[in-house]
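Each chain is listed here by its residues.
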Amino acid sequence: MCERRAENLMRPSQHIDKVMHAQSKEEKEKNRLRLSTSIVAVRWLALQGCAFRGNDESLSSSNRGNFLELVKAFAKMNIEIDEVVLENAPKIAQYIAPEIQKEILHIMANRVRQMVREKVGDKYFCILVDEARDISKREQMAIILRFVNNHGILTERFFAIKSVSDTTSMNLKNEISNVLVHHDLHVKKIRGQGYDGASNMRGAWNGLQALFLKDCPYAYYVHCFAHRLQLTLVSAAKDVSVIWEFFSHLDNIVNIVTSSTKRIAELHTAQRNEIEYMLSIGERDSGNDANQIGNLQRAGATRWSSHYDSVKSLIGMYTATCKVFEVLSDYSPNGRVKAEVRGIYRNMEVKVFCSRNEIDVPDLDCLYKIGRSCRQTTIEHHYHFDVFNAAIDFILMELNTRFNESSVELLSLSTALGPKNSFDSFNSDDICKLAKKFYPGDFTDQEIVALEYELIHYKLDVMQNLKVSTLVELCQQLTESGRSSVNVMLTRLIHLVLTLPVSTATTERAFSAMKHVKTALRNKMEDDFLADCLTLYIERDLLNYIDVNSIIDEFYVLKSRRTQLR
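All of the points below concern the structure found in this document. (Residues numbered from 1 in each chain as written. Predicted model: local features only at pLDDT ≥ 70, side-chain atom pairs only at ≥ 80, totals over all residues. Heavy atoms only, no water.)

1. Quick word on a nonpolar patch on the surface
The criterion, for reference: Like-charged residues within 9 Å of one another, or nonpolar side chains (Val, Leu, Ile, Met, Phe, Trp, Tyr) within 5 Å, are grouped into patches, provided each residue has over 30% relative accessible area and no salt bridge. All accessibility values rest on the Shrake-Rupley procedure with a 1.4 Å probe; residue burial counts only the protein chains present in the view. The term salt bridge refers to a side-chain nitrogen of Lys or Arg lying within 4 Å of a carboxyl oxygen of Asp or Glu. By definition, any uninterrupted DSSP run of H or I lasting at least four residues is a helix, any uninterrupted run of E lasting at least two residues is a strand, and each is numbered from the N terminus.
A grouping of Val449, Tyr453, Ile456 and Leu460 is seen on the molecular surface, where their side chains present a nonpolar patch of about 440 Å² in accessible area. Examined against the element boundaries, Ile456 turns out to sit in helix α19 (residues 445-465).

Structure, rendered in C-alpha cells:
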C-alpha cells in the first residue's frame with residue numbers, strides 16, 4: 001500500500017488539484033460556448049429588428065419565441081452546442097433569461113456608442129435632433145452626431161434616442177446635455193445645430209437653438225434644407241384661408257370615399273367602366289401601366305408632395321368619384337349622411353354659369369359676351385391676387401423666419417470654399433471674413449494672418465492639382481494627400497463648415513428604423529431596451545468590429561458570476 005501511494009505521489013497528473021483543474025477548464029469552455037450562442041442569437045435578432053421573446057416560452061410550447069427558437073436551430077446544426085444549451089445546461093448557467101438577453105444587448109450597444117465617441121475624439125461636432133411619436137404614442141427624441149473623422153470623411157452617426165414627456169425647449173436642452181455629458185462630449189465643442197424647423201426648436205429667443213447658443217456662441221443653427229420649402233408650403237395650406245378651404249374640401253371628399261371598403265369597391269368599378277369606355281372610343285392609349293385602377297390619396301401633415309398627389313389623384317378619378325357621390329346621395333342609409341354627401345358633392349361639382357344654350361334672344365348675345373368676359377376677369381383677379389399673391393407673401397415670410405440673416409450670410413460665405421466648377425466660387429476675402437466673423441474663438445489674429453498666406457498657396461497649388469467637385473471630397477483629398485499639414489488653418493475651417501448641418505435626413509431614417517423595431521406587437525418596449533435595439537439596428541457596420549470573446553469577458557466582469565468563464 002505504501003508502495004502504491006508512493007507511485008501515485010510521483011505521478012503529478014493524478015493529483016486532486018490537477019483533476020479539479022481539468023474539470024474546471026472543461027466547464028469554462030462549456031460556459032463560454034453556451035454564452036457565445038446566446039450572444040450570436042441576440043446580435044442576429046437585433047440586426048434584423050426582430051422580437052426576442054415569445055408569447056409562451058414553456059417547454060410544451062410549439063413556438064418559444066425568436067431567441068429560444070434560434071438557439072434551438074443552432075443546437076440542431078452543431079452537436080457541441082446541442083450538448084451544452086437549453087435543457088442540457090445547468091439551471092444556474094443557461095444564459096437564456098430575458099435579463100441576460102438585455103444585458104448582452106446593452107453591452108454591445110454601449111460598445112457601439114463608445115466607438116462613435118472615440119471617432120469624434122476631441123474634434124468639433126454638430127447635433128441633429130428631431131422628435132416623433134412611436135407606436136405607443138410616446139414622444140421620442142433622436143440625437144445624431146455629425147463630425148469629420150480622422151480621415152477627413154464627413155460622418156453622421158446615430159447616438160441616442162430619449163423618451164421625452166415634456167417637449168419644451170428647456171427640457172429638450174437638458175436631455176440632450178445629459179446625453180453629451182454622460183459620454184464626455186462638451187457642449188463647447190458644438191459647431192452646429194440641425195432641426196426640422198419646429199417652433200420649440202428654432203425659436204429665436206427661447207427655442208432650443210437659442211438655449212444652446214447661450215452656452216456655445218458658435219453652435220449655429222441651420223434649418224433643414226430638405227424641409228425648408230415643404231414646411232412653408234404646408235404652413236401656407238393651413239394658414240392661407242382660401243388654400244385651407246380648398247384642402248379642407250379635398251380631405252372631406254377623400255374621407256367620404258375611403259371610409260369603407262364598399263365605397264372603395266364602387267370607386268374601382270366606376271374607374272373600370274370609365275377606362276373601358278374611353279378605350280372603346282379611342283380616347284385612351286393602351287399599354288403597360290397605362291390604365292391602372294387607383295385610390296384617392298390623402299394629404300399628409302409634413303409632406304407637400306402628398307398634397308400634390310392628393311389633388312392629382314382626384315383629377316385623374318374625378319368622373320369615377322362623382323359616380324360614387326351620386327350613388328351615396330341617393331342610397332345613403334339616413335338623412336344625415338345624405339345631407340353631408342350632397343353638401344360635399346356640391347362643392348365638388350363643376351358649375352356652369354351663363355350657358356350659351358340658355359341665350360335664345362339675339363339682343364342678349366352682346367350682354368352674354370360682356371358677362372362672360374367680366375366673370376373671367378373676376379376669376380383671374382381672385383386666383384392671381386387673393387390666392388396666388390397671398391400664398392407667395394406668406395411663403396416668403398415663413399422662409400425669412402426660418403432662415404435669418406446670420407445663417408444666410410454664414411452659408412453664403414461658406415460657398416467660397418467649394419470646389420464646384422473648378423473652384424469658380426473661390427474668394428479669399430470671403431473665406432477670411434468667414435473665419436473672423438463666425439469663428440473668432442477658433443482662430444487667433446496670428447492664425448488669420450497665416451490663413452491669408454495659406455490661401456495664396458492654396459490658389460496656386462492645391463486648386464490646380466486636385467480634381468474634386470464637392471467640399472467633402474476636397475476635405476478628404478487634403479487629409480489623405482498630406483496637404484492638410486501645409487494648409488492647417490484652411491483645413492480646420494473646412495472641418496467647421498462641413499460640421500454645419502444641411503439636412504435632418506439621418507434622424508428621419510432613425511425614426512423609420514424605430515417603426516420597424518417598435519411595432520404594434522412590441523409597443524411596451526422599455527426605453528433603454530429600445531435605445532439599445534436601435535443602436536445596433538442602425539449602426540450595424542460598427543457591430544462587425546466587436547469580437548464575441550470581448551463581450552464574454554465584459555459580461556464576466558460586469559457582475560460577480562456564479563459560474564466560471566475564464
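Having seen the structure, we can now continue with the description.
2. Examining the packing of aromatic side chains
Inclusion rule: A pair of aromatic rings is counted whenever rings of Phe, Tyr or Trp (Trp by its six-membered ring) have centres within 6.5 Å, and the orientation is called stacked for planes under 30 degrees apart, edge-to-face for over 60 and tilted otherwise. For every residue, the accessible area obtained with a 1.4 Å probe (protein chains only) is divided by the maximum for its type, and the residue is called buried under 20%, exposed over 50%, and partly exposed between those limits.
Overall, the coordinates contain six aromatic pairs when judged by the stated rule. Seen from their ring centres, Tyr220 and Tyr439 are 5.8 Å apart, and the 80° between their planes marks the pair as edge-to-face. Highlighted residues: Tyr220 in the loop between α8 (208-215) and β5 (221-223) and Tyr439 in the loop between α18 (428-438) and α19, separated in sequence by 219 residues. Exposure remark for Tyr220: the relative accessible area of 12% places this residue in the buried category. Accessibility expressed as a relative area gives 0% for Tyr439, which makes it buried. Between the aromatic rings of Phe246 and Phe247, the centroid separation amounts to 5.1 Å while the plane-to-plane angle is 80°, which identifies the pairing as edge-to-face. Ring-pair connections join several aromatic residues into one group, and the members of that group are Tyr220, Phe438 and Tyr439.

3. Section: the sheet that holds strand β2 (residues 139-148)
Test applied: Between any two strands, pairing holds if DSSP finds at least two bridges. Helix axes are fitted only over the stretch in contact, all axes being lines through C-alpha atoms; the angle between N-to-C directions runs from 0 to 180 degrees.
Spatial ordering of the open sheet is given by β3-β2-β1-β4-β5, a layout of five strands whose pairing is mixed. Single-partner strands in this sheet number two, and they are β3 (154-163) and β5. In this sheet, adjacent strand axes meet at a mean angle of 25° when their direction is disregarded. Looking at chain direction, strand β4 (residues 190-195) and β5 are connected through three bridges and run parallel. Pairing of Gln193 across the sheet is with Tyr221, part of β5.

4. Quick look at the pairing of β3
Looking at chain direction, β2 and β3 are connected through nine bridges and run antiparallel. Across the sheet, Arg146 pairs through a bridge with Glu156, a residue of β3. Where β2 folds back onto β3 in an antiparallel hairpin, the turn is made up of five residues, including Gly152, whose phi is positive at roughly 75°.

5. Here's the deal with the pattern of salt bridges
In this structure the tally under the stated criterion is 19 salt bridges. A salt bridge links Glu26 to Lys30; the shortest N-O distance between them is 3.7 Å. Here the residue Glu26 and the residue Lys30 both occupy positions in helix α2 (residues 16-48), the gap between them amounting to four residues, near one helical turn. Given a relative accessible area of 41%, Glu26 falls into the partly exposed group. Its salt-bridge partner being Glu409, residue Lys437 comes within 2.7 Å of it at the nearest N-O pair. In this pair, Lys437 is assigned in helix α18 and Glu409 in helix α16 (residues 405-414), connecting sequence segments 28 residues apart.

The quantities given are spatial measurements derived from coordinates; they are silent on function.
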